[in-house]
Amino acid sequence: MWYHKPVINEELLQSLPNLKIVASSGVGIDHLDLNLLSSYGVKVSNTPFVVSTDTADLGMALMLASSRRIVEGYQIAVSPDTEYFPADWLGAEVSGATLGIVGMGTIGYKVAKRAKAFEMKILYHNRNQRNKEEESAVGAIYCKKIDDLLQQSDFVLLSVNLTPQTHKLIGKRELELMKPTATLINISRGLVVDQDALVEALQTKVIKAAALDVTYPEPLPRDHPLLKLKNVVITPHIGSATKKTRCLMMENMIESIQAGLTGLPIPNEVL
């Protein structure tokens, strides 16, 4: 499967009686009905590890682009109407700021490594606390309650899988807990955020800004209010979009398919 295509439903499974494995690109598996696939004896694999470096890079890129107002700055610099650069045009500091990472898996941890180089204070919320060695390596502090992270962070970065538990994890209540100077960064899935609540929070300055690699739907309707806000940076779900990583993703998928067809242990099998 590439870009969630083809759609795996009962009709397709019934038409493919010899199907042994579905190899899906990327980390997310929210587009797959694992119970349905299992009932047909079909195994599933994904490519979780090869995408982590590029996605972490993009998370930092979005943080920097939003805080330093890179997109707005570019528009000013190239506009035919610009006669001078305003002296009071200011962004926000990243170095030394507090970053709250929601979801400290492989991608979240790599974001923390990058943030450490920016001398950021790192908080994280996760289902399970990392061991002390991993925490100390990046200087991360565990927040058992997400509320504590939201209240303290200058930047809140979302790096979780989309599950029933994380569906609209960030809604009106959570946004109101954030600082009015805070920025929300989402590199996970659009449905992790209540998008209507986010629009309202941005319009009413409950939070300062958002930087999103994911939305719902993708792409957004061209008249969607998120597309009209200056305090929003949106990229087209390009977390893993580099030539090297996309080639590695395909190689991983081929390895899983070959293993599935020959009865060998499947790399990156989703259980």
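What counts as what
- Every chain is numbered on its own, with residues counted from 1 as its sequence reads.
- The model is predicted, so local features are restricted to residues of pLDDT at least 70 and side-chain atom pairs to those at 80 or more, both for listing and for counting; the totals for chains, interfaces and linings are taken over all residues.
- Each side-chain value is worked out from all heavy atoms of the structure, with water and hydrogens disregarded.
- UniProt positions are given in the numbering used here, feature names are shortened, and annotations may be inferred rather than shown by experiment.
- Only protein chains enter the area calculation, which uses a 1.4 Å probe; residues under 20% of their type maximum are buried, those over 50% are exposed, and those in between are partly exposed.
- The way it works is that DSSP assigns letters per residue, a run of H or I at least four long becomes a helix, a run of E at least two long becomes a strand, and they are numbered from the N terminus.
- At least two bridges found by DSSP between two strands is the condition for calling them paired.
- By convention, orient the strands away from the viewer: a clockwise path from the first strand over the helix to the second makes the crossover right-handed.
- Both cavities and pockets are sets of points on a 1 Å grid over the protein atoms alone; in a cavity a 1.4 Å probe fits but cannot get out, in a pocket the set is open with protein on both sides within 12 Å along at least five of seven lines, and lining residues sit with an atom within 4 Å of a point.
- Grid points are joined across faces, edges and corners, and a volume is the space filled by probe spheres set on the points.
- Any residue that is not Ala, Val, Leu, Ile, Met, Phe, Trp, Tyr, Cys, Pro, Asp, Glu, Lys or Arg is counted as polar, Gly included; the first ten are nonpolar and the last four charged.

- As annotated in an unreviewed UniProt entry, the protein chain carries the name Glyoxylate reductase/hydroxypyruvate reductase and is attributed to Aramus guarauna.
- A UniProt comment under Sequence similarities (unreviewed entry) is attached to the protein chain, and it reads "Belongs to the D-isomer specific 2-hydroxyacid dehydrogenase family."

## Thoughts on the pairing of strand β6 (residues 155–158)
Where a strand is regular, its side chains alternate between the two sheet faces.
Part 1 of the reasoning: Of the two faces of β6, the one lined by Phe-155 and Leu-157 and the one lined by Val-156 and Leu-158 are each fully buried.
Part 2 of the reasoning: Two strands pair when backbone bridges link them, and strand β3 (residues 98–102) and β6 are joined in this way by 4 bridges, in the parallel orientation. The residue of β6 that forms the bridge with Leu-99 is Phe-155.
Part 3 of the reasoning: Pairing of β6 with strand β7 (residues 183–186), which is carried by 4 bridges, proceeds in the parallel orientation. For Leu-157, the partnering residue across the bridge sits in β7 and is Ile-185.
Part 4 of the reasoning: In this region the chain leaves β6, passes through helix α8 (residues 172–177) and returns to the parallel neighbour β7; the handedness of that crossover is right-handed.

## Concerning the layout of surface pockets
Part 1 of the reasoning: One number sums up the size of the second largest pocket: a volume of about 440 Å³.
Part 2 of the reasoning: In terms of lining residues, the second largest pocket is bounded by 24 residues, among which Ser-66, Arg-69, Glu-72, Lys-230 and Asn-231 are the most central.
Part 3 of the reasoning: Counting residues per element, the ones that place at least two in the lining of the second largest pocket are α3 (52–67), α4 (70–78), β8 (209–212) and β9 (232–234).
Part 4 of the reasoning: Of the residues that constitute the lining of the second largest pocket, the class distribution is 11 nonpolar, 7 polar and 6 charged.

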